[in-house]
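Close look at the chain arrangement
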Amino acid sequence: MTTRAVIKGVGHYLPERIVPNAEFEKTLDTTHEWIVSRSGIERRHFANDDETTSMMATEAAKAALADAGLAVDDVDAIILATSTADLTFPSAATMVQARLGMTRGFAFDVQAVCAGFIYALSNANALILSGQAKCVLVIGAETFSRIMDWTDRGTCVLFGDGAGALVLRAEDGKGTKDDAGILATDLNSDGSHRELLYVDGGVSTGTTGYLRMQGNQVFRHAVEKLAATANTAMERAGVTAHDIDWVVPHQANIRIIQGTAKKMGLPMEKVVVTVQDHGNTSAASIPLALSVGRARGQIKNGDLIVTEAIGGGLAWGAVVMRW
Ligand code: UT7
């Protein structure tokens, strides 16, 4: 017998306001055609003032708990992946805890930018395998619209806001690749690439700052590192590309998604793609894609999934799990 962190429910929240590419043509030297051809993005959701990271995370968490048929009292821990917490502190996770009316357990944020949800899943898995928690809410939520430089056409057309959540619970497995739940994880970071993607504000500047990115440099790292980390996680899980039902990649750029799938030897028919509708929602993109993939009827019980992401740090990683 092996303990496994098994997916019991999924949910998401997207801001009401949808912004098509054409909106940017009014203020920037850009076109819908450029944005679609270089990134695959057609529209994104932007939060209003009330739609904070903790508010959206809470709504996604409620949806995931309802999907799981579980109550807030069943939850031992909340891990929230975000780089856009409402305040410097306390953690957005503790704000979600309060908003949910959860009076026990513990909550904390994980900050690994676009790889945040992979790091959060890996931490949740470790908490469950070590017996420190039985039921963990794992959330990715972002309001990147609040750190956009609206004069920088190379970044502001790419990002969006939203939240997604999974409920994981400890269950007995056989210890084989046929078990439900998380089968393997792989985490990596290399702080020497800091200048490729960062926010130029924080406590050292006294400002919130704006996202800065050398997009084409990040692009180069992405395809190579994403395929490698996915392959490492699959090897650890004892599975091959042939066994995979769905790749659920971080949704930054359709060309990165296609290049990574090709390197992994997987056809695009096996990839869940939401980047056209959400843009890059950083740590929220994978749980959003899992939730949308499930709602579309793509991801079914028993399906084997590999999920991968890279972002600022650089930080990157992958998780293999069976639904
Ligand atoms: O999630 C975190 C990780 N982030 C990513 O994965 C993002 C990775 N990078 C990318 O997605 C792509 O690199 C971009 C979509 C950001 C850019 O695509 P690219 O094919 O790498 O283009 P580029 O940066 O090499 O720029 C090509 C040209 C430049 O003009 P010049 O210097 O060739 O004259 C840019 O100034 O496109 C120009 N450009 C634009 N033109 C119209 C940049 N942004 C825009 C724009 N509209 N919005």
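The rules behind the values
Residues numbered from 1 in each chain as written. Predicted model: local features only at pLDDT ≥ 70, side-chain atom pairs only at ≥ 80, totals over all residues. Heavy atoms only, no water. Near = heavy atom within 4 Å. Polar contact = N/O pair within 3.5 Å; in protein donor to acceptor, adjacent residues only side chain to side chain. Areas by Shrake-Rupley, 256 points an atom, 1.4 Å probe, with all protein chains shown as cover. Helix = DSSP H or I, 4+ residues; strand = E, 2+ residues; numbered from the N terminus. Nonpolar A, V, L, I, M, F, W, Y, C, P; charged D, E, K, R; others polar. Domains from an automatic or database assignment. Contact = heavy atoms within 4.5 Å. Buried area = accessible area lost by both parts, 1.4 Å probe. Salt bridge = Lys/Arg side-chain N within 4 Å of Asp/Glu carboxyl O. Buried < 20%, exposed > 50% of the residue type's maximum accessible area, 1.4 Å probe, protein only. Core = buried A, V, L, I, M, F, W, Y, C linked by side-chain atoms within 4.5 Å. Axes fitted to C-alpha atoms, helices over the stretch in contact; angles between N-to-C directions. Parallel < 35°, antiparallel > 145°, perpendicular 65-115°, else oblique. Left-handed = near helix turned anticlockwise from the far one by under 90°.

1. What about the site of the ligand?
Near the ligand there are 22 residues, and of these Thr30, Arg38, His250, Asn253 and Asn280 occur at the shortest range. One of the side-chain nitrogen or oxygen atoms of Trp34 is found 3.4 Å away from a nitrogen atom of the ligand. Note that an oxygen atom of the ligand is positioned 2.6 Å from one of the side-chain N or O atoms of Asn253. Burial of the ligand by the surrounding chains reaches 72%, relative to a free accessible area of 950 Å². Within the residue set of the shell around the ligand, elements represented by two or more residues are α2 (32-39), α6 (215-237) and α7 (254-264). The element contributing the most residues to the shell around the ligand is α6, with four residues. Of the residues that constitute the shell around the ligand, the class distribution is eleven nonpolar, seven polar and four charged. The residue makeup of the shell around the ligand includes at least three contributed by each of domain 1 (2-173) and domain 2 (181-322).

2. Quick notes on the domain arrangement of the protein chain
Quite often, the size of an interface is put as the accessible area lost when its parts meet. Entries for the protein chain in the domain assignment read domain 1 (2-173) and domain 2 (181-322). Using only C-alpha atoms to locate each centre, domain 1 and domain 2 end up separated by 14 Å. Contacts between the two partners involve 52 residues from domain 1 and, on the opposite side, 51 residues from domain 2. Across the domain 1 to domain 2 interface the summed buried area is about 3800 Å²; carbon plus sulfur atoms make up 66%. On inspection of domain 1 and its partner domain 2, the count reaches two salt bridges. Across the domain 1-domain 2 interface, the total number found is 17 residue pairs in polar contact (both at pLDDT 80 or more). Elements that contribute at least two residues to the side of domain 1 that touches domain 2 include exactly β1 (2-13), α2, β3 (43-46), α5 (116-129), β6 (135-143) and β7 (161-173). If you tally residues by element for the side of domain 1 that touches domain 2, the top one is β1, at eight residues. Split by residue class, the side of domain 1 that touches domain 2 holds 26 nonpolar, 17 polar and nine charged.

3. Quick look at the environment of Ala228
Turning to its location among the elements, Ala228 is positioned in helix α6. By relative accessible area, Ala228 is classed as partly exposed at 40%. Sequence separation between Ala228 and Thr260 is 32 residues; the distance between their C-alpha atoms is 9.2 Å.

4. Considering the pattern of salt bridges
Tallying each qualifying case throughout the model produces twelve salt bridges. One salt bridge in this structure joins Glu42 and Arg43, with 3.1 Å as the shortest N-O distance. Exposure remark for Arg43: the relative accessible area of 28% places this residue in the partly exposed category. Members of the salt-bridge network, linked through shared partners, are Lys8, Arg169 and Glu171.

5. Some details on the nonpolar core
In terms of nonpolar packing, the biggest core is built from 49 residues, with Ile244, Met264, Val306 and Val320 touching the most fellow members. Listed by contribution, the elements that provide at least two residues to this core are β8 (181-189), α6, α7, β12 (304-311) and β13 (315-322). Ranked by residue count, the leading element in this core is α6, at nine residues. When residues of this core are assigned to domains, at least three map to each of domain 1 (2-173) and domain 2 (181-322). In contact with Ile244, other than residues within four places in its own chain, are Met234, Val239, Leu266, Lys270, Leu304 and Val306. Of all hydrophobic cores here, the second largest spans 37 residues; its members include Ala133, Ile182, Ala289 and Leu290.

6. Some thoughts on the side chain of His278
In this fold, His278 is placed in helix α8 (residues 275-278). On the basis of relative accessible area, His278 is assigned to the buried category, the value being 6%. If we ignore the near neighbours within four places in the chain, the residues touching His278 are Leu14, Arg43, Arg44, His45, Gly160, Leu288 and Val292.

7. Section: the packing of helix α3 (residues 53-68) against helix α4 (residues 92-100)
Relative orientation of the contacting elements α3 and α4 amounts to 55°, with a least axis distance of 9 Å. Between α3 and α4, the angle is such that the two are oblique. The way α3 lies across α4 gives a crossing that is right-handed. In this structure, α3 contributes Ser54, Met55, Ala57, Thr58, Ala61 and Lys62 to the contact, and α4 contributes Ala92, Met95, Val96, Arg99 and Leu100.

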